[in-house]
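Fold and contact review
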Amino acid sequence: MRRFTFIILHYVVILSITASLLSGLRIATLNKPYLLQFSAVLPNGQVHTLHLISGITILVLVCYYIFFRRRYKKVTVQSNYHKFITYLGYLSIGSSVLSGSLLLLDWLPQQFVPVHYYSALVMLIYLLLHSWVYILQLGHKVLKKVFYIPLRFIPYQLTVALTLVTCALFYYMQSLTHTLNITPISSNVLMEIDGIGNEPQWQKAASLLVDTHHGANFYNGYTPVQIKALSNHKETFFLFRWADPTQSLNHLPLIKTRSGWKVKENGFYHFDEQSYYEDKFAVMLSDSCQFGADGTIHLGKQPFTHHPSNWHGKGYHASLDGRVRDLWHWKAVRTNDMVLADDNFFGPLAVPLNGQRRYKAGYLIDSKESGAYVMNWQWYSSHMIIPKRLPKEKSNTSEPVLDWFASTPYQVSLDTYPVNAQLSSVLYRSNRFEGDRADVRAKGQWQAGYWTLELVRQNQTHSAHDIALNNGTCIWVSAFDSSQIAHSRHQRAIKLRYSL
Amino acid sequence: MITRAIISVLLVAVLLYLNVNYGGHKEIVPQHHQRFTKITAQGRQLTPWQGPWSCVLDNQLSLLWEVKTDDESIHDGYWTYSWYDQNKGHPNFGDCYFETARCDTQDLINRTNTLSLCGQTNWRLPTESELASLLQSPSRPGHVYIAHDYFINIQKGDYWSSDANTTLSQHYEHLKFGAKAVNFHKGSVIALPYRNAAFVILVSDITQTHPLSQLSSRDTPLKQ
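About the thresholds
- Residues numbered from 1 in each chain as written.
- Chains lettered and ligands numbered in written order.
- Predicted model: local features only at pLDDT ≥ 70, side-chain atom pairs only at ≥ 80, totals over all residues.
- Heavy atoms only, no water.
- Domains from an automatic or database assignment.
- Contact = heavy atoms within 4.5 Å.
- Buried area = accessible area lost by both parts, 1.4 Å probe.
- Salt bridge = Lys/Arg side-chain N within 4 Å of Asp/Glu carboxyl O.
- Polar contact = N/O pair within 3.5 Å; in protein donor to acceptor, adjacent residues only side chain to side chain.
- Helix = DSSP H or I, 4+ residues; strand = E, 2+ residues; numbered from the N terminus.
- Buried < 20%, exposed > 50% of the residue type's maximum accessible area, 1.4 Å probe, protein only.
- Pairing = 2+ DSSP bridges.
- UniProt positions renumbered as here; feature names shortened; annotations may be inferred.

Now for the domain arrangement of chain A. All names here are of chain A. Per the domain assignment, the segments making up chain A are domain 1 (2-174) and domain 2 (177-244 + 279-372 + 430-498). For domain 1 versus domain 2, the separation of C-alpha centres amounts to 35 Å. Opposite the 21 residues of domain 1 that make contact, domain 2 presents 27 residues. For the pair domain 1 and domain 2, the summed buried area comes to about 2,200 Å², and 56% of that belongs to carbon and sulfur atoms. Viewed at the interface, domain 2 and domain 1 are joined by zero salt bridges. One can count nine residue pairs in polar contact (both at pLDDT 80 or more) joining domain 1 with domain 2. When residues of the side of domain 1 that touches domain 2 are traced back to their parent elements, those giving at least two are helix 1 (2-28), helix 2 (47-72) and helix 3 (80-104).

Okay, structure coming up:
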């Protein structure tokens, strides 16, 4: 009987390790673009859920296998080679399960984060050396030896028990959250949204520190985010502080070359700029708190069969369950001088537009009455552009933002700029948005290697594209260091707890 | 055992070759719009992801539409015009930068014809039905009721049609007559007094002999 139990365990571990490796490698494509070479064999879509289920299954199997071996000792007789390879398997699976569990809980110290990925690579080597050598030794007989089990010998009770434990653990893991206690303040307290955070109320506020990983340009992709929140009856104030060694305000600058103006970029053509981009910070809000950014992540080049592919091969955000997720997107150049965060949301898949090269799936922008920033080129080309406007004062070329009324429409006769002159690519048509898009006031200041961002929004905006700030609302935070989409991330949602 | 090793190595090599050369590297190509084609100021056809463009060819109505800009030229989308046609309407009650006096629809028509936008010199105001045919549900929240990937710089407001002598009602009733306009913010057709400042998209008829009349909508993918 123990042999058939072993075969069942072996079956399930093959399936779960395969699912875990493939889904994990797909997730790793976000910050390891060389893995996109194997995109064809990696799963698309909501792979975070698959990764969690398969990971939990492996964890349950590891725990049961420890019990199984203590009870039955040896099940198979192995050569020294296979004994060595099996220990390699134990090592890789053990470190993978341990690092994965700590990652899921946001408890893995940043210096050990790479362990999870390298454990997976060792596991791949183990699988190759384990299964391939057995195939070489036994040929097709290995199939019968490893997979054949008469129906009457299937240990149904054990299989059902392990399945139930896995489901219970999955449900429990899904519901794990951080908690951010929101300190109440009086409606009479004046809070200035200036990105300094020197009001005495902030000193008394409860603080939560969340480690975020895998962001481009941060030191080893890591930045810890400190979060505080205050609330009166109408509004909630947030104070975010995160480490960023460089203040990046050089947003796709326009450079004069011998043959004309060019956008300075390193990836913008594929909508994945990671060198000449502003710093940003994003907060997602949802009424639910599920794993994998509440089901809004859809990885792969074309995760939606009947919708366009993305240019970077990494994936899309969308909310396909009929509910929206709110998204506050603060941008150090494009919205900071407006004292706003761009109020966006994740919603259902947008209709693709024939005339637009970039499709954003469910990443959508709240409507606005007026006001905008626009890019300072008549038409974007990776080779050459013509600026939309030139500064009225030539000394005004180093500013990150060019004001509409401090500039004049481009004319060849006015373009007397020398080679290597630089111009801002961001034009403010007005000093702020008006309408739904302007619901979130925000101001950030960079000092000594840290951004401090102060942000406020009404608890109830009554917009169909916003999430109300209530007890139990969950948030996720991401920091961008000079990158367009390659943001840092954490796993567990942060649940807001109001004491009002 | 050696045979099995050779077979498995060959198998892995073939799989790697297929993955690298054929797996998941599908080229992203634009799709033609069923109705619209971008046209440059010189009258040249562009693919959907090319630009800039100054006109849109309407393959359904065989018309060429003016594309608005944000460059403070005569085509700037922020300029407004009162409705005026020779002796009818109300001259110079809109706002633009290109006239010393204020602006009316005839000013824009004259200037555009003088400049032969997209090679055409028969620019005019669209009829109500022509203009209303551009109405479509917004493709993004809060956007205008038009294909905004082709018709850029369209404002959330009223756009004049050529249909005049319309009887005004309600709070405009005392002004008696006006012209029809299409509101791309609400997706509706309304009657406005001639003196109102509204936006304009001009239109031009394509003759049978015009090179652009040979273009028709296609649904095959094309290379950018």
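Another point: the side chain of S424 of chain A. All names here are of chain A. Secondary-structure assignment places S424 in the loop between strand 17 (422-423) and strand 18 (426-428). The class of S424 is buried, set by a relative accessible area of 6%. A polar atom in the side chain of S424 sits 2.6 Å from the backbone oxygen of P400. Setting aside residues no more than four positions away along its own chain, S424 makes contact with L254, N376, T397, E399, P400, V401 and L402.

Attention shifts here to the pairing of strand 1 (residues 36-39) of chain B. Where a strand is regular, its side chains alternate between the two sheet faces. Residue and element names in this part refer to chain B. Along strand 1, one buried face is formed by F36 and K38 and the opposite face, lined by T37 and I39, is buried too. In terms of strand pairing, strand 1 meets strand 2 (residues 55-58) through four bridges, oriented antiparallel. Note that in strand 2 the partner of F36 across the bridge is D58.

Turning next to the UniProt feature "transmembrane region" (unreviewed entry) in chain A. In the numbering used here, UniProt assigns the feature "transmembrane region" (unreviewed entry) to residues 7-28, 48-67, 87-105, 117-136 and 156-173 of chain A. Along residues 7-28 of chain A, the helical share is 100% and the strand share 0%, with 31 Å between the first and last C-alpha atoms.

All right, on to the UniProt feature "domain: Lcl C-terminal" (unreviewed entry) in chain B then. In the UniProt entry, the feature "domain: Lcl C-terminal" (unreviewed entry) is given for residues 55-203 of chain B. Taken end to end, residues 55-203 of chain B is 10% helix and 22% strand, and its first and last C-alpha atoms sit 9 Å apart.

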